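Summary of the model geometry
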Amino acid sequence: MDALLEAAVRLAAPLLLAALGELVVERAGVVNVGVEGMMLVGAFAAFAAASASGSPALGVAAAVGAALLLGALFAGFAVLARADQIVVGTALNLLALGATGLGLRAAFPDGASAAPGVSDGGLPVLGELPLLGPLLFGQGLYVWTALALCAAVALFLARTRAGLVLRAVGEAARAADAEGVPVAAVRCGAVLFGAALAGLAGSVLTLSQSHVFTEGMTAGRGFIALTVVIFGRWRPLGLLGAALFFGLASALQFRLQARGVALPYPVFLMFPYAITLAVLAFAAGGGRAPGDLGRPYAREAREGG
Amino acid sequence: MSGASAAERALRALRPVAAAAAALALAGAVIGALGFPATAALQSLVRGSLGSSAAWTATLLKTGPLLLTGLSVALAFRCGVWNIGAEGQLLAGALAATMLATRVAPGAPAALLLPLLALGGAAAAAALGALAGWLRAARGVSEVISTILLNFILIQAVAWAVQGPLQEASGAYPQSDALPAAARLPALGRVHAGVALAFVAAAAVAWLLFRTPLGFRLRAVGHAPVAARFAGISPERHGVAALAIAGALAGAAGAFEVAGVTGRLYQGLSPGYGYTAIAVALLARLHPLAVIPSALFFGALEAGAGAMQREAGIPAVATEVVQGVVILLSVGFALQRRSG
């Protein structure tokens, strides 16, 4: 049981990271469906940089940097030029899939080998405690980073002036503008923050979970992160719960499979997506999206429509 | 815009061409910068898509499914519904058609079996589209997320089917039995009737959108949902209808693919037609007739990319870069038009 929960927490970490980023983006009124592509680019950049340098830290930096490039593209098109956010996000996903596929072949013509990883080891002493020890303290750096960021985002949104401004932009951009808030700048900043966290989340896949990059390896995790935001009702603590739920579902998938439960393999692979859809359909009600979510803001535009 | 001169209109029509050319040039530059042989790549690309009758055949065979899925995306987007699920809908069509041909009615004559496959594939995918529409209308689930999740689910459903209930009798490979001869679409050379039907579908969708009351309502909902609601047109119900029709188009593409090209169902049946379809539709600015040249462009690109991978060792996934850039440039041009 302990091992199952531990796996659940580990698998939840990248989802939580990406979802926290997307939460800040959405609370500023922007939907970024390009999370998937940003994670993919992060996973590849982390893998390539860590393999080349031998340093996982450089890998993480490269992941964040590469995802920020995509974030800047998204901000330019979807926020500054006010193109449709869904369309721009979709374009970035395709772009990321092609660019990482090409990059993989160019950087590793003879096939990729394992990259050095970020420590999975837990805290000393505390991790040895019985029962809760491994669960709480036996986790790697990524889990701790995700939890710390969750607390930080919660405090930022609820307790800081900047957080209030960001929420105002997401709820009612025009009113915020009238108060002198630079709407576009706030949204661009949020998008870049979301991109950085998506890149960080991608680096988990190649530096902590599989240590090798394969084409399209995010396999929908970015979209599941979008669902985590909805299921978590746009609140940091809700996101934590939702990410743990999906982590547990994935961990169960591996566990049942290892136990040799007589279900065909593809049915196991279908599991996380089916669960996600079921959750959206039957359990995600009640959350309220930010008022101006997905609406480009143009100063000269008339109200309504 | 009503006062645009003929020259202005011609210039506007050229913008998608410029977008496509710029995307190709940019992808070529990236390929070259990464140290791949760019010139050889370009040669393979052109030779593999337009250089011979075999190349043209390959291009047309890729154009067929891109045309149908592109129409699927264009019709849904026009109604303000983000159908990112053409890939899953195509697979649902292929799955249903294979089941009908190899399990339900394998002995039926062609006159019965072919319409059954096409309609069955379209109906299965229409149901899948309608499911996403219902989730949106009744449960408030964003169709962007639900259609994407359904793509992943359908990919695994096909994987399961070809290892389980639809696997070939010999059990040797994870694939279905070959479709009976009566289930194979008639073809000219290798170009099957489904390709021709895809062109007909473009005209049919144009007629539906611009000449029928339903098409008017679909466009009204996409253009001004609030005004449409005031006029008594339900955006939710028309969203369901748009996704069902979009699903049917993509599902037909899947049925034609197994009945006209592969002859069997297996994993990896589609190289991502349903995702390329988004670029096809946006390059065509969501106009059903403009989807024809757009699908031909991306069809040629897909066919050429195959040759590029074989001859110049450049992964075919490079085409995704072109698709992404085309979409970005298309929305860029659309903005220019809006503000101009």
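Reading the values: the criteria
Residues numbered from 1 in each chain as written. Chains lettered and ligands numbered in written order. Predicted model: local features only at pLDDT ≥ 70, side-chain atom pairs only at ≥ 80, totals over all residues. Contact = placed C-beta atoms within 7 Å. Helix = DSSP H or I, 4+ residues; strand = E, 2+ residues; numbered from the N terminus. Nonpolar A, V, L, I, M, F, W, Y, C, P; charged D, E, K, R; others polar. Core = buried A, V, L, I, M, F, W, Y, C linked by C-beta atoms within 7 Å. Buried ≥ 20, exposed ≤ 12 C-beta atoms within 10 Å, placed from the backbone. Expected span 1.5 Å × (residues − 1). Axes fitted to C-alpha atoms, helices over the stretch in contact; angles between N-to-C directions. Left-handed = near helix turned anticlockwise from the far one by under 90°. Bend = angle between axes of the 7 residues up to and from the residue.

In this section: the interface of chain B and chain A. At the interface, 40 residues of chain B touch 37 residues of chain A. Every element with two or more residues in the side of chain B that touches chain A is listed here: α1 (6-33), α5 (110-139), α6 (143-163), α11 (273-283) and α13 (318-339) of chain B. With 12 residues, α6 of chain B is the single largest residue contributor to the side of chain B that touches chain A. Here the residues of the side of chain B that touches chain A are counted per class, giving 30 nonpolar, eight polar and two charged.

Moving on: the nonpolar core. Counting residues in hydrophobic clusters, the biggest one holds 240 residues, and the most contacted among them are Leu16, Ala19, Ala67, Val228 and Leu239 of chain A together with Ala281 and Val291 of chain B. With 17 residues, the top contributor of residues to this core is helix α10 (residues 235-262) of chain B.

This part takes up α6 of chain B. For an α-helix, 3.6 residues make a turn, and residues three or four places apart therefore share a direction. When the terminal C-alpha atoms of α6 of chain B are compared, their 30 Å separation across 21 residues agrees well with the 30 Å that a helix rising 1.5 Å per residue should span. α6 of chain B sits mainly inside the fold: 19 of its 21 residues count as buried.

Residues and elements named next belong to chain A. In contact at an axis separation of 7 Å, helix α2 (residues 35-53) and helix α3 (residues 56-80) are set at 145° when each is read in the N-to-C sense. Crossing of α2 over α3 shows right-handed handedness. In this structure, α2 uses Gly37, Met38, Val41, Gly42, Ala45, Ala46, Phe47, Ala48, Ala49, Ala50 and Ser53 to contact α3, whose residues at the interface are Pro56, Leu58, Gly59, Val60, Ala62, Ala63, Gly65, Ala66, Ala67, Leu70 and Gly71. Class assignment for the residues of the contact of α2 with α3 results in 16 nonpolar, six polar and no charged.

So, about helix α1 (residues 2-27) of chain A. Residues and elements named next belong to chain A. Here α1 spans 35 Å end to end across 26 residues, near enough to the 38 Å set by a 1.5 Å rise per residue. For α1, the principal kink sits at Ala13 and spans about 35°; a proline, Pro14, occurs within the next four residues. For α1, a buried count of 20 out of 26 residues is recorded, marking the element as mostly surrounded by other parts of the structure. Taken from the residues just after α1, Gly29 is the one with a positive phi, measuring 95°.

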